[in-house]
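Architecture and fold: a report
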Amino acid sequence: MKKKTLALMAALVLLLALLAACGGDSVPTPDPAPSVPEEQAPPTPAGGSIPQPGKGQEAPPAPAAPSGTEAVPEEQEPAAAQPDEPAPELSGPLAAGTEPEPEPEPEPAPELEPGGENVMAGDTYMISVALEGGTGRATVESPAKLRYEDGKCWATIVWSSANFDYMKVDGQRYDLINTEGNSTFEIPVSAFDQPLPVIANTIAMSEPHEVEYTLTFDSASMQDA
């Protein structure tokens, strides 16, 4: 029995060899169609963290904004401040770094000092006075009486006529201080040794008429009354 089996196997091997030698065509078996692999997610390294691009590697591009939405622009750096224009160069004392000298304050007006002595309150003086203007026919008595009160000097003017009824000094009217004799007025004196404009109203004409004059008080002539 064992020999019979060996004989059958030898016969089978011989048959296969003969078929191969005769060039028998063998029916090829078709290759199976390749399967499309599913998209696989990139492997996650151990530890669960996504690797970041290292030095020399480019970072993956940012995903495009979905259609219908506007991309939010990145915050821009503020524009560099423009340099200020240079200050104009200074000349004179300021260029040397020194402060300008302050303007001197005006000195207070000196008190009336006729004859080199202060006019004292309550004192009475006599002072020469010169009249100019008008027709030249009217005159005033000289020296005239001068007194000092409340910070002002007052002069008593006595005219050579009784036909004046008031005087004006700096727009202020001053009436007669007498009722008989020549017209007499007391008027303020703002300065000495210079012509002071005054107005005297005369009634000697057909109608009252204001006449312009000047009075000059000579400080060097002042004497105690």
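A short tour of the structure in this document, coming up. Predicted model, so just to flag it, every value in this text is computed and none were measured.

**Remarks on a nonpolar patch on the surface**
A grouping of Leu 12, Leu 15, Leu 16 and Leu 19 is seen on the molecular surface, where their side chains present a nonpolar patch of about 400 Å² in accessible area. By the element assignment, Leu 19 lies in helix H1 (residues 2-21).

**Examining the sheet that holds strand E2 (residues 144-149)**
One open sheet accounts for eight strands, arranged E5-E4-E7-E8-E1-E2-E3-E6; its pairing is antiparallel. Both edges of this open sheet fall to strand E5 (172-175) and strand E6 (184-189), since each of them pairs with a single strand only. Adjacent strand axes in the sheet meet at a mean angle of 35° when their direction is disregarded. Relative to strand E8 (residues 209-224), strand E7 (residues 196-202) runs antiparallel, the two sharing seven bridges. Of the residues in E8, the one forming a bridge with Pro 197 is Thr 214.

**A look at unusual backbone geometry**
Here the residue pair Ser 142 and Pro 143 is connected by a cis peptide bond, since its omega of 5° sits within 30 degrees of zero. When you line up the elements, Pro 143 lands in the loop between strand E1 (124-133) and E2. A positive phi angle, near 55°, is found at Asp 170, a position not held by glycine. Tracing the backbone shows Asp 170 in the loop between strand E4 (164-169) and E5. Judged by relative accessible area, Asp 170 falls into the exposed class, the value being 72%. The residue Asp 193 is not glycine, and still its phi comes out positive at about 60°. By the secondary structure assignment, Asp 193 is in the loop between E6 and E7.

**Topic: the environment of Asp 165**
Tracing the backbone through its elements, the reader meets Asp 165 in strand E4. Residue Asp 165 is classed as partly exposed on the basis of its relative accessible area of 26%. With ten residues separating them along the chain, Asp 165 and Asp 175 place their C-alpha atoms 6.6 Å apart. Excluding its chain neighbours within four sequence positions, the residues that come into contact with Asp 165 are Asp 175, Leu 176, Phe 185, Asn 201 and Ile 203. In terms of polar contacts, Asp 165 uses its side chain to reach the side chain of Asn 201, at 2.8 Å.

Criteria and thresholds
- Starting afresh in each chain, residues are numbered from 1 along the sequence in its written order.
- Per-residue local features of the predicted model are confined to residues with pLDDT of at least 70, and side-chain atom pairs are confined, for both listing and counting, to 80 or more; whole-chain, interface and lining totals are unaffected and use all residues.
- Only hydrogens and water are set aside when side-chain values are computed; all heavy atoms of the structure are taken into account.
- Patch definition: residues above 30% relative accessible area lacking any salt bridge, with like charges linked at up to 9 Å and the nonpolar side chains Val, Leu, Ile, Met, Phe, Trp and Tyr linked at up to 5 Å.
- Accessible areas in this description were obtained via Shrake-Rupley with a 1.4 Å probe; residue shielding takes into account the shown protein chains only.
- Should a side-chain nitrogen of Lys or Arg be within 4 Å of a carboxyl oxygen of Asp or Glu, the pair is scored as a salt bridge.
- Think of it this way: any DSSP run of H or I at least four residues long counts as a helix, any run of E at least two long counts as a strand, and we number them from the N terminus.
- Two strands form a pair only when DSSP identifies at least two bridges running between them.
- Axis definition: a line fit to C-alpha positions, over the contact stretch in the case of helices; interaxial angles, taken between N-to-C directions, run 0 to 180 degrees.
- Think of it in three bands: residues with accessible area under 20% of the maximum for their type are buried, residues over 50% are exposed, and the middle band is partly exposed, with areas taken using a 1.4 Å probe on protein chains only.
- Contacts were defined at the residue level, with two residues in contact if any of their heavy atoms lie within 4.5 Å.
- Under this definition, polar contacts are N or O atom pairs within 3.5 Å; protein pairs additionally need one hydrogen-donor-capable and one acceptor-capable atom, and for neighbouring residues in sequence, both atoms have to be side-chain atoms.

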